[in-house]
Amino acid sequence: MTAPLLGQMMDVPLTVSSLIAHAARHHGGTQIVSRRIEGDVHRYTYRDCEKRSKQLAQALIALGVAPGERIGTLAWNGYRHLEAYFGVPGFGAVCHTINPRLFPEQIAYIINHAQDQYVLFDITFAPLVDKLAPQCPDVRGWIALTDEAHLPDMRTPVLSYETLIEAEDGEYEWPLLDERSASNLCYTSGTTGNPKGALYAHRSSVLHAYGASLPDAMGLSSRDAILPVVPMFHVNAWGVPYAAPLNGAKLVLPGKDLDGKSLYELMEAEGVTCSAGVPTVWLGLLAYMREADVRFTTFKRTVIGGSACPPAMLRAFEDEYGVQVIHAWGMTEMSPLGTLATLNWEQSQRPLEAQRALLEKQGRVVFGVDMKIVGSEGEELPWDGVAFGDLHVRGPWVIDRYFRQENGSPLVDGWFPTGDVATIDPDGFMQITDRSKDVIKSGGEWISSIDLENIAVAHPAVAEAACIACAHPRWTERPLIVAVLKPGATLTREALLAFYEGKVAKWWLPDDVVFVKELPHTATGKLQKLKLRERFRDHVLPTALAIENCPLGEPGTDR
Ligand code: AMP
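Quick look at the structure, then.

Conventions we followed
- Residues numbered from 1 in each chain as written.
- Predicted model: local features only at pLDDT ≥ 70, side-chain atom pairs only at ≥ 80, totals over all residues.
- Heavy atoms only, no water.
- Helix = DSSP H or I, 4+ residues; strand = E, 2+ residues; numbered from the N terminus.
- Rg over C-alpha atoms; globule rule 2.2 N^0.38 Å.
- Contact = heavy atoms within 4.5 Å.
- Areas by Shrake-Rupley, 256 points an atom, 1.4 Å probe, with all protein chains shown as cover.
- Lys, Arg positive; Asp, Glu negative; His and termini not counted.
- Charge placed at Lys NZ, Arg CZ, Asp CG, Glu CD.
- Salt bridge = Lys/Arg side-chain N within 4 Å of Asp/Glu carboxyl O.
- Buried < 20%, exposed > 50% of the residue type's maximum accessible area, 1.4 Å probe, protein only.

### Observations concerning the overall build of the protein
Looking only at helices and strands, the protein features 16 helices and 25 strands. At 24 Å, the protein has a C-alpha radius of gyration in line with the 24 Å of a compact globule built from 559 residues. With the principal axes as the frame, the protein shows a C-alpha extent of 75 × 65 × 60 Å. Counted over contacts in the protein with a minimum sequence separation of 6, partners at least 24 positions apart contribute 67%. Counting every atom, the protein has about 23,300 Å² of accessible surface; 53% of that belongs to carbon and sulfur. Side-chain charges of the protein comprise 51 positive and 68 negative groups, with the mean position of each set lying 1 Å from the other.

As structure tokens, then:
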């Protein structure tokens, strides 16, 4: 065989440090604005961000962190967290963003499984860190993302981020890393069992940032000011912290206050043109705008995903406020971008109702992702918008295997099974119809149905229980317990709900209990959740009767 004729172009690795290096060099004066935990608004540029990211890299190297080691973060969307996105992978270590809304035990599991060497944390999480530190003996140090003056009073010995990086000069050359080396780590609890880690590579992160920027995706440019409402601990804020510097877009980071008023005021003050977030946050923003009778002056479009975007929300944004909604679907295992609903030229000529029907779906893939739906025998199903099956995906930013789970690949014939059930129509638009994975997604956060079932059956009066997702106007889904009592036993709904108190986080408490005579099972004795979900499709949760009874709080919670 003759050797292939190789192309004669530069072999430049795709690294995440090249994104900030590009922004600093070519969009050096463009602003990054952050609402800080300390209460004020912080403002600096891509040039400043690169310098401080380099100082962070130097500081971590001085602490003895080696390439490949993991550095955890427990932080809101802010400039110091952003510096970790570049400073940590920039020298070859791995930036591991952790969801602070999980229970402390789950977080400790994740930190220990990831073998995090240091954890950077916002001072709001000081009490959480005090709980975690004794459970994470292998963490070499906890670094508070603040200066010496704001260090919180804690049991755990902590370092000040500002003090650490001030000791460095920022005179550092980003190394040319192997683009296949790991850059970021995100855990998902959207599957059964313990949370699992998706380990992204520099190459996959840069390709994803390109893909996310495309006009049929987020459509980012240097004329945009983008405010990611989606937290930087949720699949890297859907890649926005990497796509923004790639385009030289202004970046506005909202900190911890995600209520409608705080968001609206920041968007107006900073001339925000686009955003991205889960439906629950947008509900809060829309409610505030109606109540305060205010309008957007610069906001043009937003990506809504993480859970299905209700058609009424799409209409409200487009018809009442002239904001384009781009409904999107993806997952942690996909970095996360999979599909987005934008119309091509021909589709945009169709009658308005036909256009809307397409835009309400989860959309079509961007280049970089391929998808198919398969039946129970693994056979590919037709794209007729009617046949539904398991949704499988593949591509250069889709997971190949989970972190530190060497035995067993999740792939089926080279495709990743998403755990979602979908149709694909002749236009190539995918629509999620159900979920085969056994979890509930409330306000963008996962709740384990199995954990809630285990608690129910631990009650002496309960013979069997199923926990299913039930539609909720505010949180999209909330847990409903369907239980069978032991013969002769009596139990009220209230008593079973009270049984959960103190056993799970408050936002995991089921919203309702229904008692039935028996639960549907398959021939092999497995619970038929799909049947149950169908049966309770129209069940109205008592918490859903009036949206005003669902106070604003942490997304995914009713605290
Ligand atoms: P995560 O890994 O936390 O990002 O969750 C990914 C999962 O969230 C997907 O597999 C879906 O089950 C669900 N999801 C994400 N986006 C959407 C959407 N637009 N519509 C319906 N479900 C969605």
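### Some words on the pattern of salt bridges
This structure, assessed with the given rule, holds 31 salt bridges. Glu320 is paired through a salt bridge with Arg290; the nearest N and O atoms lie 3.1 Å apart. Highlighted residues: Glu320 in helix α12 (residues 311-321) and Arg290 in helix α11 (residues 279-292), separated in sequence by 30 residues. According to the relative accessible area criterion, Glu320 is partly exposed, its value standing at 36%. On the accessibility criterion, Arg290 (43% relative accessible area) is partly exposed. Note that Asp434 is salt-bridged to Arg533, the shortest N-O span being 3.1 Å. Linking Asp434 in strand β20 (residues 430-435) with Arg533 in helix α16 (residues 529-535), this pair joins segments that are 99 residues apart in sequence. Of the two residues examined, Asp434 and Arg533, each falls in the buried class. Taken together, the shared-partner salt bridges in this structure form one network comprising Arg52, Arg80, Glu83 and Glu162.

### Quick notes on helix α4 (residues 104-114)
The element α4 is largely enclosed, with a buried count of eight among its 11 residues. Against the buried residues of α4 lie β3 (70-74), β4 (94-97), β5 (116-121), α5 (126-132), β6 (141-144) and β8 (182-188). Gln115 lies just past α4 and shows a positive phi near 60 degrees.

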